Amino acid sequence: MDAKQHKHFKIYKPYGMLSQFASNSTQQKRKHFLGELGNFPESIMPIGRLDEKSEGLLLLTTDGKISNYINSNGVEKEYYALVDGAISESQITQLQKGVEIGFDGKKYQTKPCKVLKLETPPLLPNRSKKIRDARHGPTSWISITLTEGKFRQVRKMTSAIGCPTLRLVRFRIGKIRLDNMKVGDVNAINILAEL
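Conventions and cut-offs
- Residues numbered from 1 in each chain as written.
- Predicted model: local features only at pLDDT ≥ 70, side-chain atom pairs only at ≥ 80, totals over all residues.
- Heavy atoms only, no water.
- Helix = DSSP H or I, 4+ residues; strand = E, 2+ residues; numbered from the N terminus.
- Contact = heavy atoms within 4.5 Å.
- 1 Å grid on protein atoms, 1.4 Å probe; cavity = no way out; pocket = protein on both sides within 12 Å on 5 of 7 lines; lining within 4 Å.
- Points joined across faces, edges and corners; volume = space filled by probe spheres on them.
- Nonpolar A, V, L, I, M, F, W, Y, C, P; charged D, E, K, R; others polar.
- Pairing = 2+ DSSP bridges.
- Buried < 20%, exposed > 50% of the residue type's maximum accessible area, 1.4 Å probe, protein only.
- Salt bridge = Lys/Arg side-chain N within 4 Å of Asp/Glu carboxyl O.

Of note, F21 is situated in the loop between strand 1 (8–13) and strand 2 (45–47). When the C-alpha positions of F21 and I44 are compared, they lie 8.8 Å apart, and in sequence the two are 23 residues distant. If we ignore the near neighbours within four places in the chain, the residues touching F21 are F33, L34, G35, F40, I44, M45, P46 and L60.

Structural data, given as structure tokens:
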């Protein structure tokens, strides 16, 4: 893969922003798009997506081959999820083994994945929209690492075990991490050196 002429960025996608640069849809005129975060090259594209209510690491590239490589070669993607309820060991085991979710109108069995309960909350910037607090019952933070990426997969998985996701932050893609990025930060990277 020759990435010399291509440009690559890692961004901290804010909550409430779509993982695209523009839309012709009249329903989306008031939405926020990635182009608001900076001046990007014309042929830039996101590698994968994060839904509007998810935040965290999103990679951008002008190289379609790199995008295809990351999306179709089982590159690990790690998420931190704040879930509703005190998650149990048996629920974590269910997630690890794979659960049945709906995808494209059919039932889909997720692949085995790495899941662990975080004893202390991850150090993340505050989210722009308030998350319900402990007065409404217990919550748990988990780390979940997938090698696949179906639409809203983490949210569907945690719902399937009875612990809906309240906040979802993608922290890592391959070896590329959010580290100390702030919401809305854009960093140019050498993507091949970091995968």
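Moving on, we come to the layout of surface pockets. Roughly 590 Å³ of internal volume is contained in the largest pocket. The set of elements that each furnish at least two residues to the lining of the largest pocket consists of helix 1 (64–72), strand 4 (77–84), helix 3 (153–160) and strand 9 (165–173). In the lining of the largest pocket, the residues fall into 10 nonpolar, 12 polar and 9 charged. Classifying every residue of the lining of the second largest pocket by side-chain character gives 9 nonpolar, 1 polar and 1 charged.

Across 4 bridges, strand 5 (residues 100–103) lies against strand 6 (residues 106–109) in antiparallel orientation. From the neighbouring strand, F103 faces strand 6, where its bridge partner is K106. From the end of strand 5 to the start of strand 6, which pair antiparallel, there are 2 residues, and D104 there has a positive phi angle of about 55°.

Let's shift gears to the environment of G35. Mapped onto the elements of the fold, G35 is located in the loop between strand 1 and strand 2. According to the relative accessible area criterion, G35 is partly exposed, its value standing at 33%. In the structure, G35 is positioned 13 residues away from A22 in sequence and 7.6 Å away in space, judged by C-alpha atoms. The contact partners of G35, leaving out residues within four places of it in the chain, are F21 and F40.

It is worth spelling out the pattern of salt bridges at this point. This structure, assessed with the given rule, holds 8 salt bridges. In this structure, E76 and K114 form a salt bridge, with 2.7 Å as the shortest nitrogen-oxygen distance. In this pair, E76 sits in the loop between helix 1 and strand 4 while K114 sits in strand 7 (residues 114–118), placing the two residues 38 residues apart along the sequence. In this structure E76 comes out as partly exposed when scored by relative accessible area, which is 23%. Note that R172 and E76 form a salt bridge whose closest N and O atoms lie 3.0 Å from each other. Highlighted residues: R172 in strand 9 and E76 in the loop between helix 1 and strand 4, separated in sequence by 96 residues. We classify R172 as buried; its relative accessible area is 12%. Several salt bridges converge on common partners, so that one network encompasses E76, E78, K114 and R172.

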